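Each chain is listed here by its residues.
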Amino acid sequence: MKTERLAPWAAYCIVGVGLLMMLAPFYFLFVFASHSRTEIFSLPPPMWFGDDFLTNLDILTKHIPFWRNLGWSIYVALASTFLSLLFCSMGGYAFAMFDFRYKKVFFAFVMGTMLMPSFMNMIPTFMIMDILGWIDQPKALYIPGAASAFGIFMMRQFVASSIPRELIEAARMDGCGELSIYWRIVLPLLKPALGTLGLITFIASWNNFIGPLVVMRSPDMYTLPLALRSMQSPVDTEWGALMTGSAIATIPLIVLFIMSSRQLISGLTVGAVK
């Protein structure tokens, strides 16, 4: 009986320790964002919030066009998420519900692209963007990845396991066109998967560093990861201002996760429809 009573408390302690370890970096990020560079590197380091947040923000905005960079990050992340959800859901629905020639070959080709390391695409991506005249333009960041292999695979698996073919055939017998079926029947049933893929895509786009590094040239067009990296110097780095920018850049992701956490869990657990 004692063992049965202690087991839940032991599990709670383990989970609590893991929670503290995961939250500690976020806590210290916001704490250091409110302290000066000297205080950050003092021993012992500050454990509570300070009074230098506005000072750090002023230093940050003088070094880089921070608010413009933040706006570009939001725009690129939203555009990437919208296009990915649209094209990946279309591709996944087509691979799951339609029978056409060379279907397996095309799907194997799509899956094969996942085996390529991302750094192998850097030079071809730059060359294509240069030919199109998209260097230093935000569309060079969200259009190339609008239909990812991972997103198509995820949508295909969800459609195949959660949407019965009989439902699609019944809609066709009632006179629905293919676009109407996709928009009015398939998309509403894909909400859990769309929420999961949308969260993953937004975070990946928000944290993307290599993409802007390859195709962006002017500081006014940088997204936040590249703009904050440009503040770092081997000699003189304003770490307080850098922490302030990083803290502000983290807030949208925290808000997005809180808003979509239920949808994310549903997307990972739901596998059938009524």
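See the structure above.
The sections below set out a description of the structure shown in this document. Everything numeric in this text was worked out from a predicted model, so none of it was measured.

Quick notes on the rules
- Residues numbered from 1 in each chain as written.
- Predicted model: local features only at pLDDT ≥ 70, side-chain atom pairs only at ≥ 80, totals over all residues.
- Heavy atoms only, no water.
- Helix = DSSP H or I, 4+ residues; strand = E, 2+ residues; numbered from the N terminus.
- Rg over C-alpha atoms; globule rule 2.2 N^0.38 Å.
- Buried < 20%, exposed > 50% of the residue type's maximum accessible area, 1.4 Å probe, protein only.
- Contact = heavy atoms within 4.5 Å.
- Core = buried A, V, L, I, M, F, W, Y, C linked by side-chain atoms within 4.5 Å.
- Salt bridge = Lys/Arg side-chain N within 4 Å of Asp/Glu carboxyl O.
- Polar contact = N/O pair within 3.5 Å; in protein donor to acceptor, adjacent residues only side chain to side chain.

This next bit is on the overall build of the chain. A count of helices and strands for the chain gives 14 helices and 0 strands. Of the regular secondary structure in the chain, the N- to C-terminal order runs α-α-α-α-α-α-α-α-α-α-α-α-α-α. Scaling as 2.2 N^0.38, a compact globule of 274 residues should have a C-alpha radius of gyration of about 19 Å, whereas the chain reaches 23 Å, well beyond that. Taken over 274 residues, the chain has a buried fraction of 36%. For the chain, long-range pairs separated by at least 24 residues make up 72% of all intrachain contacts whose partners lie at least 6 apart in sequence.

Before going further, it helps to spend a moment on the nonpolar core. Core analysis: the largest hydrophobic core is formed by 28 residues, its most contacted members being Leu60, Ile64, Trp206, Val215 and Met216. Breaking this core down by element, the ones donating at least two residues are α3 (53-63), α4 (66-97), α7 (139-142), α11 (191-206), α12 (210-215), α13 (224-229) and α14 (239-269). Sequence-distant contacts of valine 215, defined by excluding residues within four places in its chain, comprise Met129, Ile135, Asp136, Ala140 and Leu141. Counting 27 residues, the second largest nonpolar core, distinct from the first, contains Met154, Ile168, Leu187 and Leu197.

Taken as a whole and assessed by the stated rule, the structure comprises 6 salt bridges. Among the ionic pairs, aspartate 58 bridges to lysine 62, the shortest N-O distance being 3.2 Å. With aspartate 58 and lysine 62 both in helix α3 and 4 residues apart, this pair spans about one turn of that helix. Since its relative accessible area comes to 37%, aspartate 58 is described here as partly exposed. A relative accessible area of 64% places lysine 62 in the exposed class. The salt bridge involving arginine 172 is made with glutamate 169; its shortest N-O contact spans 3.1 Å. With arginine 172 and glutamate 169 both in helix α9 (residues 165-173), this residue pair falls 3 residues apart, about one helical turn. Judged by relative accessible area, glutamate 169 falls into the partly exposed class, the value being 40%.

Looking at the element boundaries, threonine 244 is found in helix α14. Here the side chain of threonine 244 touches alanine 33 through a polar contact of 2.9 Å, landing on its backbone oxygen. Aside from chain neighbours lying at most four places away, what touches threonine 244 is Ala33, Phe53, Asn56 and Leu57.

Fair warning: the whole summary comes from geometry, so function is off the table for now.
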